[in-house]
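Listed below are the residues making up each chain.
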Amino acid sequence: MNYPPNVRIVIVPCTGRVAAVHLLKTLEMGADGVFVAGCLEGDCHYQSGNLRAKKRVAYVQQILRSIGVDPERVHMYNLSAGMGPRFAEIVREMTDRVRQLGPMHAAAGVKAEASKH
Amino acid sequence: MIMAKAKPIEEIINTITDFDKILLAGCNGCVAVCEAGGLKEVQTLASALRIYFSQKGKRPVIDEISLTRQCDKEYLEELKDKMDSYDAVVSLACGAGVQFLAEMFSEKPIFPAVDTCFIGVTQEQGVWSERCQACGQCVLASTGGICPITRCSKRMLNGPCGGSENGKCEISILVNRDVACGWHLIFERLKKLGELERFKEPAEDKDWTVSRDGGPREIIREDVRP
């Protein structure tokens, strides 16, 4: 399974653990985009963790819009642990999207590791 | 408790755009419970502001803190040693906290980050609703525990008025959501309690000077003063 190497994976027990601040911090610290990969809707082991994450992603997109950042830099995907090829496809899709948007912190001259691609 | 909601970020940005060292001060009291101004909201706002300014090529210092409460001096005093390091403070507390902070640090520009809305309850997670208008003379004993000052859109003491229909207040059309008629609720509750006699006698005139009509209020308890 091949996917672009410039993606850093942060493992959480459930996407329900992901708060708005985690997504924003990621962008603040230099990443050009971030996606949340949750279980398929209806398949959450904690019942509604992925649905909560979905709402938080939408909330963060709203914040990004209000500060003049393209909300497409943050995205939510749903896939199961057995869908390896789909994961690779998502990473490629997200990487392409972020590449098109360009680096986050160009204006401030921040050399973020994630902006090298 | 006191309920508030976050101000639009654009509004906050406009107030602080000329400052280089900014402290975001949350309050772990009421506004933390209604998820508008606690530590979590401070962190989220701080991160969003840093991203915004970084996009503009600016790198202001934006520090984060959340106090136990901002409506008590002993907690505000925790900021005493830090205050000199900042040009401005953005408070995520309710209006009372923002003002007390401004009184205590009178030389420092203090800006609100939330809109303080009402005294209310957590109806369910993510839903908060008004229950009390702090009128200064509680009438709940004679209204089945339902406040006519808050729940009746006209604050009537002897309702319902002619605008009540099927248990809904006539303002429902205006505000585009179902608003229960406060007096309908009171009637139903008193009926359940077998206290409908209450409706035979109109309520006595209310002293509104103990409410907002009497100006800013104060409670002095000599027995607990030092």
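About the cut-offs
Residues numbered from 1 in each chain as written. Chains lettered and ligands numbered in written order. Predicted model: local features only at pLDDT ≥ 70, side-chain atom pairs only at ≥ 80, totals over all residues. Heavy atoms only, no water. Helix = DSSP H or I, 4+ residues; strand = E, 2+ residues; numbered from the N terminus. Buried < 20%, exposed > 50% of the residue type's maximum accessible area, 1.4 Å probe, protein only. Contact = heavy atoms within 4.5 Å. Areas by Shrake-Rupley, 256 points an atom, 1.4 Å probe, with all protein chains shown as cover. Polar contact = N/O pair within 3.5 Å; in protein donor to acceptor, adjacent residues only side chain to side chain. Disulfide = S-S within 2.5 Å. Phe/Tyr/Trp six-rings, centres within 6.5 Å; stacked < 30°, edge-to-face > 60°. Lys NZ or Arg CZ within 6 Å of the ring centre and 35° of its normal. Buried area = accessible area lost by both parts, 1.4 Å probe. Salt bridge = Lys/Arg side-chain N within 4 Å of Asp/Glu carboxyl O. Pairing = 2+ DSSP bridges. Axes fitted to C-alpha atoms, helices over the stretch in contact; angles between N-to-C directions. Parallel < 35°, antiparallel > 145°, perpendicular 65-115°, else oblique. Left-handed = near helix turned anticlockwise from the far one by under 90°. Right-handed = clockwise from strand over helix to strand, strands pointing away. Expected span 1.5 Å × (residues − 1). Arc of directions from axis to C-beta.

Colleague: Would you take a moment to explain the overall build of chain A for this structure?
Modeller: Within chain A, the secondary structure is distributed over three helices and two strands. Mapped from its N terminus to its C terminus, chain A presents α and β elements in the order α-β-α-β-α. Across the 117 residues of chain A, 44% fall into the buried class. The contacts of chain A with a sequence gap of at least 6 include a subset with a gap of at least 24, amounting to 66%. Of the accessible surface of chain A, which amounts to about 6,800 Å², a share of 53% is contributed by carbon and sulfur atoms.

Colleague: Teacher, can you tell me more about the side chain of N50 of chain A here?
Modeller: All names here are of chain A. Its location among the elements puts N50 in helix α2 (residues 49-66). What makes N50 buried here is its relative accessible area of 2%. A polar side-chain atom of N50 sits 3.0 Å from the main-chain carbonyl oxygen of L40. In this view, N50 contacts T15, C39, L40, E41, G42, C44, M76 and N78; residues no more than four positions away in its chain are not counted.

Colleague: Would you mind going over the state of the cysteines with me for this structure?
Modeller: By definition, a disulfide is the covalent link that joins the sulfur atoms of two cysteine residues. All chains considered together, the criterion is met by zero disulfides over all chains. The thiol of C44 of chain A is unpaired, and the distance to the nearest cysteine sulfur, on C14 of chain A, comes to 4.0 Å. Cysteine C30 of chain B shares no disulfide, and the gap to the nearest cysteine sulfur, in C94 of chain B, comes to 6.5 Å. Since its relative accessible area comes to 27%, C30 of chain B is described here as partly exposed.

Colleague: Before we go on, may I ask you to explain the packing of aromatic side chains in this structure?
Modeller: Working definition: an aromatic ring pair is given by the centre-to-centre distance plus the angle between the planes. Evaluated as defined, the whole model comprises seven aromatic pairs over all chains. A ring pair is formed by W183 of chain B and F199 of chain B, whose centres lie 5.8 Å apart and whose planes are at 75°; its orientation type is edge-to-face. Of the two residues, W183 of chain B sits in helix α8 (residues 182-193) while F199 of chain B sits in the segment after α8, which places them 16 residues apart along the sequence. F199 of chain B sits in the partly exposed class, given a relative accessible area of 29%. Here the aromatic cluster, defined as three or more aromatic residues joined through ring pairs, consists of Y3, F35, Y77 and F87 of chain A. Across from the ring centre of W208 of chain B, 5.3 Å away, lies the NZ or CZ of K206 of chain B, which sits over that ring.

Colleague: Honestly, the interface of chain A and chain B in this entry has me stumped. Any pointers?
Modeller: In many analyses, interface size is given as the accessible surface area lost on bringing the parts together. Counting residues at the interface gives 16 residues for chain A and 16 residues for chain B. Carbon and sulfur atoms make up 63% of the area that chain A and chain B hide from each other, which totals about 1,400 Å². There are one salt bridge connecting chain A and chain B. Residue E28 of chain A is joined to R50 of chain B by a salt bridge in which the shortest nitrogen-to-oxygen separation is 3.1 Å. Run the count over chain A and chain B and you get five residue pairs in polar contact (both at pLDDT 80 or more). Elements supplying a minimum of two residues to the side of chain A that touches chain B: α1 (20-28) and α2 of chain A.

Colleague: How should the sheet that holds strand β2 (residues 21-27) of chain B be read in this particular structure?
Modeller: Sheet strands pair via backbone hydrogen bonds, and the direction of the pair is either parallel or antiparallel. Residue and element names in this part refer to chain B. The sheet built from four strands is open, its strands ordered β3-β2-β4-β5 with parallel pairing. Among the strands making up the open sheet, the edge pair consists of β3 (61-67) and β5 (110-112). Adjacent strand axes in the sheet meet at a mean angle of 25°, parallel and antiparallel pairs treated alike. Pairing between strand β4 (residues 88-91) and β5: three bridges, direction parallel. Each residue of the ladder has a partner; that of S91, found in β5, is P112. Where helix α3 (residues 39-55) meets the sheet, it contacts β2 and β3, and its direction lies at approximately 170° from that of β3. Lying on the sheet, helix α5 (residues 95-104) is in contact with β4 and β5; it crosses β5 at an angle near 175°.

Colleague: Please explain the packing of α1 of chain A against α2 of chain A as it appears in this structure.
Modeller: To describe two helices that pack against each other, one gives the angle between their axes and the distance between the axes. All names here are of chain A. Direction vectors running N to C along α1 and α2 enclose 45°, while the axes themselves pass 9 Å from each other. Between α1 and α2, the crossing angle belongs to the class labelled oblique. The interaxial crossing formed by α1 with α2 has right-handed handedness. Residues A20, L23, L24 and L27 of α1 form the contact with α2, whose own contacting residues are V57, Y59, V60, I63 and L64.

Colleague: What should I look at first to understand the pairing of strand β2 (residues 74-78) of chain A in this one?
Modeller: For a regular strand, side-chain orientation follows a simple rule: the groups alternate between the two sheet faces. Residues and elements named next belong to chain A. For β2, a buried count of four out of five residues is recorded, marking the element as mostly surrounded by other parts of the structure. Pairing geometry for strand β1 (residues 34-38) and β2, over five bridges, is parallel. Bridging from a neighbouring strand, G38 pairs with N78 of β2. Considered for its hand, the β-α-β crossover made up of β1, α2 and β2 is right-handed.

Colleague: Please explain α8 of chain B as it appears in this structure.
Modeller: An α-helix turns once per 3.6 residues; consequently, residues spaced three or four apart project the same way. Residues and elements named next belong to chain B. The end-to-end C-alpha distance of α8, which contains twelve residues, comes to 17 Å, matching closely the 16 Å that a straight helix rising 1.5 Å per residue would cover. Considered for burial, the residues of α8 that qualify are G182, W183, I186 and L190. End-on, the buried residues of α8 take up no more than an arc of 90°, which puts them together on one face. Buried residues along α8 sit against α6 (148-151). Among the residues trailing α8, G194 stands out with phi positive, at a value near 70°.

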